[in-house]
Structures are given as structure tokens and as C-alpha cells.
Amino acid sequence: MIDPITSMLLVQAANLAIRIIQSAEAAAHNRRICASLSQKVRVANASIEGLRARHEQSAEWFGKQTYKAAFELYVNVLEQIKDYVSLVSTKSGIFRLARAQKDRAEFERLSHDLDWAMQALCLGISVSSYEQQMQDRKRYEEDQAELLAALKAPPAAAPMDAILHSARDELLFSSPEEIRQAQVQAEDLEAKHKQFDEKASAVFKSARDELLFSGPDSFGAVADGERLFKERKYTEAWNVFVREAQKTPPSPRALYWLGYFTYFGPRYGEPQDIPSAQTHFEKAATLGDLDAADMLGVCLKTAKNYPEAIRWFHVAADGNHVHGSYHLGMMYLVAERAPGGRADREQAKFYLQRAAQAGHEDAKKQLERNGLEG
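Residues numbered from 1 in each chain as written. Predicted model: local features only at pLDDT ≥ 70, side-chain atom pairs only at ≥ 80, totals over all residues. Heavy atoms only, no water.

Chemist: Please explain the pattern of salt bridges as it appears in this structure.
Modeler: Side chains that differ in charge, positive against negative, can pair when their charged atoms come close. Applying the stated rule across the entire model yields twelve salt bridges. Between Lys82 and Glu79 there is a salt bridge, and its shortest N-O distance comes to 3.9 Å. With Lys82 and Glu79 both in helix 5 (residues 65-90), this residue pair falls three residues apart, about one helical turn. Relative accessible area serves as the criterion here: at 26%, Glu79 is assigned to the partly exposed category. Among the salt bridges present, the one from Arg253 reaches Asp291, with a minimum N-O distance of 2.8 Å. Residue Arg253 is found in helix 13 (residues 252-263), and its partner Asp291 is found in helix 15 (residues 290-302); the two are separated by 38 residues along the sequence. (Salt bridge = Lys/Arg side-chain N within 4 Å of Asp/Glu carboxyl O. Helix = DSSP H or I, 4+ residues; strand = E, 2+ residues; numbered from the N terminus. Buried < 20%, exposed > 50% of the residue type's maximum accessible area, 1.4 Å probe, protein only.)

Chemist: How should the environment of Val77 be read in this particular structure?
Modeler: For Val77, the location among the structural elements is in helix 5. Separated by 38 residues in sequence, Val77 and Asp115 have C-alpha atoms that sit 9.9 Å apart.

Chemist: I'm lost on the environment of Met330 in this one. Help?
Modeler: For Met330, the location among the structural elements is in helix 17 (residues 322-333). Here the alpha-carbon distance between Met330 and Arg345, two residues 15 residues apart in the chain, equals 9.6 Å. Excluding its chain neighbours within four sequence positions, the residues that come into contact with Met330 are Leu352 and Gln366. (Contact = heavy atoms within 4.5 Å.)

Chemist: It is not clear to me how the packing of aromatic side chains should be interpreted in this structure. Could you clarify?
Modeler: Here a ring pair, both rings aromatic, is described through the centre-centre distance and the interplanar angle of the planes. Per the counting criterion, the structure on display carries 22 aromatic pairs. With a centroid separation of 4.8 Å and an interplanar angle of 50°, the aromatic rings of Tyr260 and Phe264 are classed as tilted. When sorted by exposure, Tyr260 lands in the same class as Phe264, which is buried. An angle of 40° between the planes, with centres 6.4 Å apart, marks the rings of Tyr260 and Tyr268 as tilted. Of the two residues, Tyr260 and Tyr268, both sit in the buried class. Three or more aromatic residues joined by ring pairs form one cluster here, namely Phe229, Tyr234, Trp238, Phe241, Tyr256, Trp257, Tyr260, Phe261, Tyr263, Phe264, Tyr268 and Phe281. (Phe/Tyr/Trp six-rings, centres within 6.5 Å; stacked < 30°, edge-to-face > 60°.)

Chemist: Explain the nonpolar core to me, please; I cannot follow it from the model alone.
Modeler: Looking at soluble globular proteins, one finds that nonpolar side chains tend to be buried together. By size, the foremost hydrophobic cluster in this structure holds 50 residues, and its most contacted members are Phe241, Tyr256, Tyr263, Phe281 and Leu352. The element contributing the most residues to this core is helix 13, with eight residues. Ignoring sequence-local partners within four residues, the contact set of Tyr263 consists of Gln272, Ile274, Ala277, Phe281, Met295, Val298, Cys299 and Thr302. Counting 27 residues, the second-largest nonpolar core is a separate cluster that includes Leu10, Ala17, Ala24 and Val77. (Core = buried A, V, L, I, M, F, W, Y, C linked by side-chain atoms within 4.5 Å.)

Chemist: What exactly am I supposed to notice about unusual backbone geometry here?
Modeler: A negative phi holds for most residues other than glycine; trans holds for most peptide bonds. Phi at Arg232 takes a positive value of approximately 65°, unusual for a residue other than glycine. Relative to the helices and strands, Arg232 is located in the loop between helix 11 (218-230) and helix 12 (234-245).

Chemist: I tried to follow the packing of helix 13 against helix 15 on my own but got confused; where do I start?
Modeler: When two helices pack together, their arrangement is given by the angle between their axes and by how far apart the axes lie. Orientation of helix 13 relative to helix 15, taken along the N-to-C sense of each, is 35°, at an axis distance of 10 Å. Helix 15 is crossed by helix 13, and the crossing has left-handed handedness. When helix 13 is examined against helix 15, the residues Arg253, Tyr256 and Tyr263 are found in contact with a partner set consisting of Asp291, Ala292, Met295, Val298, Cys299 and Thr302. For the contact of helix 13 with helix 15, the residue count by class is six nonpolar, one polar and two charged. (Axes fitted to C-alpha atoms, helices over the stretch in contact; angles between N-to-C directions. Left-handed = near helix turned anticlockwise from the far one by under 90°. Nonpolar A, V, L, I, M, F, W, Y, C, P; charged D, E, K, R; others polar.)

Chemist: Looking at this structure, I do not really get the packing of helix 18 (residues 345-357) against helix 19 (residues 361-369). What am I missing?
Modeler: Running from amino to carboxyl end, helix 18 crosses helix 19 at an angle of 140°, the nearest separation of the two axes being 7 Å. Between helix 18 and helix 19, the crossing angle belongs to the class labelled oblique. For the element pair helix 18 and helix 19, the recorded crossing hand is left-handed. Of the residues in helix 19, those touching helix 18 at Lys349, Leu352, Gln353, Ala355 and Ala356 are Ala363, Lys364, Gln366 and Leu367. A class-by-class count of the residues in the contact of helix 18 with helix 19 yields five nonpolar, two polar and two charged. (Parallel < 35°, antiparallel > 145°, perpendicular 65-115°, else oblique.)

What follows is the structure, encoded as C-alpha cells:
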């Protein structure tokens, strides 16, 4: 039987999804990015619909407090998406153009946060893959180009007085009150995101640890291997990881550790074997290990396969992996490694700041060194 709180959250999520989809379909402006967010919500909501059956089959599992917190997080990000779509779909002209960079960053954050919430719910889907992010960026640029073209080319048939009146209204939003309301709405959206970000890190880690990794029988054995590693009993730890990696299905964490040992072999008296390490990291990353995704990106970057390196750094960073965020920020900062051969300081700043906020010292230094602190 579904408990009242979970039932209420299911209904709330469904209602928010409907409102987002309706607002996107009725969008007067920025239709492409509204449609993109709407599609992400449709995918997420389709998975949520299956929760009722899953809840009936495992009431104890879904009744866990951590799972409910993760669901509240999902509803929270839907609220933010609803507010964002409402904000960008009804405003155009100078105000929207002036806020273009902020709106783009917020759009990318919301896509990331929705994906993050889905991971915390352990639904095993991604609504914001790297390829999808590249398509979203193109849609956003098309919306901005359309907006700029509209500003440059008022209707030729309109009388000059009407054009001037329209331009004045566009600049002033008819009244100071409308400007104030738009600003309040934008600031409220940013405050909600900050609140979400502060809560999300702890909830995501707790949900992932409790819900995603509490089931497999091999988890305890891998933990023993990690304990042996910390005690510098490397041979014993290696044997544990080999055994667990050979099971069906293999332990992604054990595969990661095999990659770690072979990549950093000289530290433990063994030769370095990057091709073998990359193979282990790729298997583990494919099974969802974020440390492995980050290290796979490192291997690919070393091989100068920058597009694939960025793809895997994105996987790690989108799971709130600190080193993955740092590595991704650095990829965007260097033109040779960035998509299209052009540095993207906005993206570099976004990911480096995320890593710095989590305490990554090198990220803090890079932000200062490259004038990205503000």
C-alpha cells in the first residue's frame, strides 16, 4: 500500500509535469528551450509513473526516509522548471536578451538537476546526456538568434508612432512595476536553485549509498578490499577486487579498483598499464561508477581523444563528482580540448566553481588564475 506522503508526492509531481508541458506548448518566446525542458520532464514523468507498481512490490524499499527525501528533491526541481518556463516563455526583447547568459546557465543547471534527481531516485535513466546538452545549446542559440532578429526588424507595415511606442514598452516593460516583478521572479528562481543545490548533495549521496548500493551481496566484500587497501595490504586487496570483478554481474566498484591499481601501478611496485586500466574503468563507468567515469576521462584525455574524454567527464560531473567537475572545467578552458576547438569560459567557470565549492583546491586556484571568480 502506498503511504500518504509518497502518494501526495506522486500526485504533485504529475501535476507539475502537466503544467510544465502546457506552458511549453503555449510558449510565445524561447519555444525551443521550453520544448527541450518539456521533453525531459515527459521522459522523467514516464519513469515516475512506474513507481506505483514498484512501490506495491517493495513497500519497505520505497518507504525508506532517504527515498522520500529524494522524491521531494525531484518535486523541488520540477517546481523550479515550472517557474523557469513561465519566466522565459512570456518575456522577449531587451530584457530577455540582457539576461541571455544567466538564462542559459539556469537552463543547463535545471537540466543537470533533473538528471541528478532521477539518479537519486535510482530510476537508471538520464535526461541530460552529453549529446543532449550539445543539442540543447544549439536550440538555445537558435532562440537567441530569433530574438535578436525580431529586435532588429520591427514590422515594416507598422506606423512609426506604433514602432516607437512598442520599443519604449519593450525597454520599460510598460511600467517600473513590471520590471520589478520580472526581477523578483528571476531572483526567486535563483534562490530556489541555491536551496536545491545545498540540499541535493547530501540527499543524492545518501540515496545513492542507501538505495543503490545496499543490495548487492558483493558490496561487503568490496568494502573489505578497500579496507585492506587502506591498510596497505595491496596483494590481498587486489585478490578481493579480482574475485568480485569476475562475478556475474561484476561489481562496478571492484572493476574501478582494478583500473586504479593498473593505472597507478608504480605506486604499488607494479608496472603501469594504461590500456588495461582504461578497459577496467570503461566497464565500471558503464555500470555507473562515477570515480571510474572520471578516470576513464583522464585516460582518454591522455590519449588526446578529447571528445570522448569530455563525454565521460560530463558523466562524472553530472553525478556531482568533484574531480569530474574540475577536469571538465579544465577541458572547457583549453581551446585545443574544448568542443569545436574553442574555449568556453562560461562552462569552465560553471564546473570549476562547482568543484571549488566542494573544496577542490586546484579548482579554486584555476578560477583565480583565469579571472573566473566573479
